[in-house]
Amino acid sequence: MLVLGIETSTPQASVAIGSEQGVIASAMVSRGASYNEFLLPAIRFCLDEAGLDYRNLGGVAVSLGPGLFTGMRVGVATAKALAQALSVPICGMPSLDLVAYEVRYSSKTICVALDARRGEVFTAFYRPSPGGIQRMSPYGIEKPEQLAIGLGSRIEDVLLVGNGALLYREEFEDLGSVVELGTMSHAFPHADALVELTVPRMFREDFDSLYDLKPMYLRHSAKRIEWERIRGSRSA
Amino acid sequence: MPRTLWTTPEAVVLERRIGDWDEDVLVLAIETSCDETSAAVVKGGREILSNVIVSQVDLHGEYGGIVPEIASRAHVEALTPAIGEALRGSDLTFWDIDAIAATLGPGLIGSLLVGVAEAKSIAAVLQVPFVGVNHLEGHLYSNLLDDHNAEFPAVALIISGGHTMLVHVKGHGNYEVMGGTIDDAAGEAFDKVARFLGLDYPGGPEIDRLSLLGDPTAIGFPRALMFEGDFDVSYSGLKTAVINYVRRAEARGEIVSIEDIAASFQQAVVDVQVAKTIAATKAAGVHRVFLCGGVAANSGLRQGLAEACQKDGFSLHVPPMELCTDNAAMIGACGTAMLRRGKTSGLNASPDPNLPLV
Ligand SMILES: [Zn+2]
């Protein structure tokens, strides 16, 4: 089964096409073109280079974030429309899982921290498990200094990865050798991992509902936060 | 070869005739420029096979206005079902469609992006042209959809929460903006005054309802720019005049009639807008007036313009309500006309929140 993966939740956008035999074509861009200008030409490139056509695709996978609002929206909207027009199943995956999956060969606890802007990071904890990873915490959003306190209080060694970890590295360097900081090559979620993780779901027919699938925001719109603050202070 | 392991979805016939855009051309259209999620199928540019409109009014009501981030989130959720419903409603499948049209601007960037991304994706899969449509040009075509006596040339008053402009529509793709608001759109003025008066969102229909119970001559609100020689209007001063009137009355301890305020405010808008529209129509030398946009629902404006047009011998065309508010059918009609002129967009096209009409 050929699966098209779309990942646009961070400034590093990527698309990939693969099957149970692995990824056969992918394209990635870290800066320059906006998601909206990049996606369809990039998919066309992958299809052409692999000698394929849209009609060869058996499923669409999409990263649901958390991440940058605009990227997630364009990615999820594109994936939904492709799946709808092709009449193929769709599967959504959290961006944080994708980053953890790429460092699954570590024996340590994995903590992913992606830059959420406004001085915060999206986080989740994982442990390696046979053939993949297992999530040990809910998906969260917190300030890097709070995450550092949480990491400092853990008894086991932690591998900390993601662009949020690198952006606020000085918060975590004081924690010493208990926390190992990942490198730039594992700092972003990637469509390759998305395809690898989704192919088994497609075979299990563990699909998401096309009409109900939406990005994972983890944060209300600024207006709603403001509104709840005002309402909260009035009712108090 | 490992190729055999790849499962291929049901083969579909791709060969289709592209080029001669005949009477039966089928366009799937998408409109997500503001707070309505809409998908439609239009045949031959004038026949609506389906027109699905999902309103977000309930989502924005508690904030008293449109919240862009909430609007874009809602479009992501509502658009896919709306497209499915539009196809079901027209008894067609994706593979019957000849082209995809979507609003490229003007509008809220986060909202536009969702519609453009989905439209381009569908066009890529179906290998049919994608047409990026100007939302305002779409409004001009709303008049042609339902009324077969409506033809270009005409002078069109596009009046909504986001826009207020007078356009000399000389022909397809040939427009001259004659004038517009120099500050607030008319619908925006209605909403702001309504909010000040404590009326429910959206405020326009509420003011219209109350004004039927009040005296439109009770308060002499200003008619800004009404007697200037050009076709521009201004509503920010009128809004301030309403606020000052109420504050002054309250300071004096007087009881104000909200019905009279609504009626007098609405009459001021209608007087200015009707005068400018008639003057523009005379200046353009045409005999047809198109009224379009959400505020075209206003009963005072409809009546005032109808009377004035009759007096001057102009024919007035007002589309039914579901075509006055933002909808995808008008985008499909406009997109069809653009296809016939060979105006298509690439799959890397991006929305433009400030896209001008000309
Ligand atoms: Zn509009």
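Look up a bit, the structure's there.
> Tell me about the environment of B:Thr37, and name the residues and values.
Residues and elements named next belong to chain B. Along the polypeptide, Thr-37 turns up in strand 2 (residues 36–43). Taking relative accessible area as the criterion, Thr-37 reaches 0% and is therefore assigned buried. Remark: the alpha-carbon pair of Thr-37 and Ala-74, spanning 37 residues in sequence, is separated by 8.2 Å. Other than its neighbours up to four places away in sequence, Thr-37 contacts Glu-31, Thr-32, Val-52, Ile-53, Val-54, Gln-56, Ala-74, His-75, Ala-78 and Leu-79. A polar contact is formed between the side chain of Thr-37 and the side chain of His-75, at a distance of 2.9 Å.

> I'd like a description of empty space enclosed by the protein, backed by residues and values.
All names here are of chain A. Across all of its chains, the model carries three cavities of 30 Å³ or more by this definition. Around the largest cavity sit Ser-9, Thr-10, Pro-11, Pro-66, Gly-67, Leu-68, Leu-114, Asp-115, Phe-122 and Asn-163, which together line it. Looking at the lining of the largest cavity, its residues break down into five nonpolar, four polar and one charged. Both of domain 1 (3–95 + 189–221) and domain 2 (96–186) provide at least three residues apiece to the lining of the largest cavity.

> Quick rundown of the environment of A:Met28? Include the residues and the values.
Considering the arrangement of structural elements, one finds A:Met28 in strand 3 (residues 22–29). Excluding anything up to four places from it in sequence, A:Met28 contacts A:Gln12, A:Ala13, A:Ser14, A:Phe38 and A:His190.

> How would you explain the interface of chain A and chain B if you had to name every residue and give the values?
Each partner contributes residues to the interface: chain A has 44 residues there, and chain B has 42 residues. Summing the contributions of chain A and of chain B, the shared interface buries around 3,700 Å²; its carbon and sulfur component is 60%. Looking only at chain A, the three residues that lose the most surface to chain B are A:Asn36, A:Arg55 and A:Arg73, adding up to 18% of its buried area. Connecting chain A to chain B are two salt bridges. Residue B:Glu69 is joined to A:Arg73 by a salt bridge in which the shortest nitrogen-to-oxygen separation is 3.2 Å. In this assembly, chain A and chain B are joined by eight residue pairs in polar contact (both at pLDDT 80 or more). For the side of chain A that touches chain B, the secondary structure elements donating two or more residues are helix 1 (35–49), helix 2 (69–86) and helix 8 (222–235) of chain A. Ranked by residue count, the leading element in the side of chain A that touches chain B is helix 2 of chain A, at 13 residues. Broken down by class, the residue content of the side of chain A that touches chain B amounts to 22 nonpolar, eleven polar and eleven charged.

Scoring rules and cut-offs
Sequence order as written defines residue numbering, which begins from 1 separately in each chain. Starting at A for chains and at 1 for ligands, labels are handed out in the order in which the entities are written. It should be noted that, the model being predicted, local features are given only for residues of pLDDT at least 70 and side-chain atom pairs only at 80 or more, the latter also being counted only at that level, while totals for whole chains, interfaces and linings use all residues. Neither water nor hydrogens contribute to the side-chain values; these are computed over all heavy atoms in the structure. Helical segments are the DSSP runs of H or I of at least four residues, strand segments are the runs of E of at least two, and each set is numbered from the N terminus. For every residue, the accessible area (1.4 Å probe, protein chains only) is compared with the maximum for its type, and the residue is labelled buried under 20%, exposed over 50%, or partly exposed between those bounds. A contact between two residues is defined here by any heavy atoms of the two lying within 4.5 Å. In protein, a polar contact means a hydrogen-donor-capable atom and an acceptor-capable atom, both N or O and within 3.5 Å, with residues adjacent in sequence counting only if both atoms are side-chain atoms; elsewhere, any N or O pair within 3.5 Å suffices. Here a cavity denotes grid points, spaced 1 Å and computed from the protein atoms alone, that fit a 1.4 Å probe unable to get out, and a pocket denotes an open set having protein on both sides within 12 Å along at least 5 of 7 lines; residues with an atom within 4 Å of a point are the lining. Grid points are joined across faces, edges and corners, and a volume is the space filled by probe spheres set on the points. Under the grouping applied here, Gly and all other residues not named as nonpolar or charged are polar, the nonpolar ones being Ala, Val, Leu, Ile, Met, Phe, Trp, Tyr, Cys and Pro and the charged ones Asp, Glu, Lys and Arg. Domains are outlined according to an automatic or database domain assignment. Buried area is calculated as the accessible area (1.4 Å probe) missing from two parts once they are joined, with the contributions of both summed. Between Lys or Arg on one side and Asp or Glu on the other, a salt bridge is scored when a side-chain nitrogen of the former is within 4 Å of a carboxyl oxygen of the latter.

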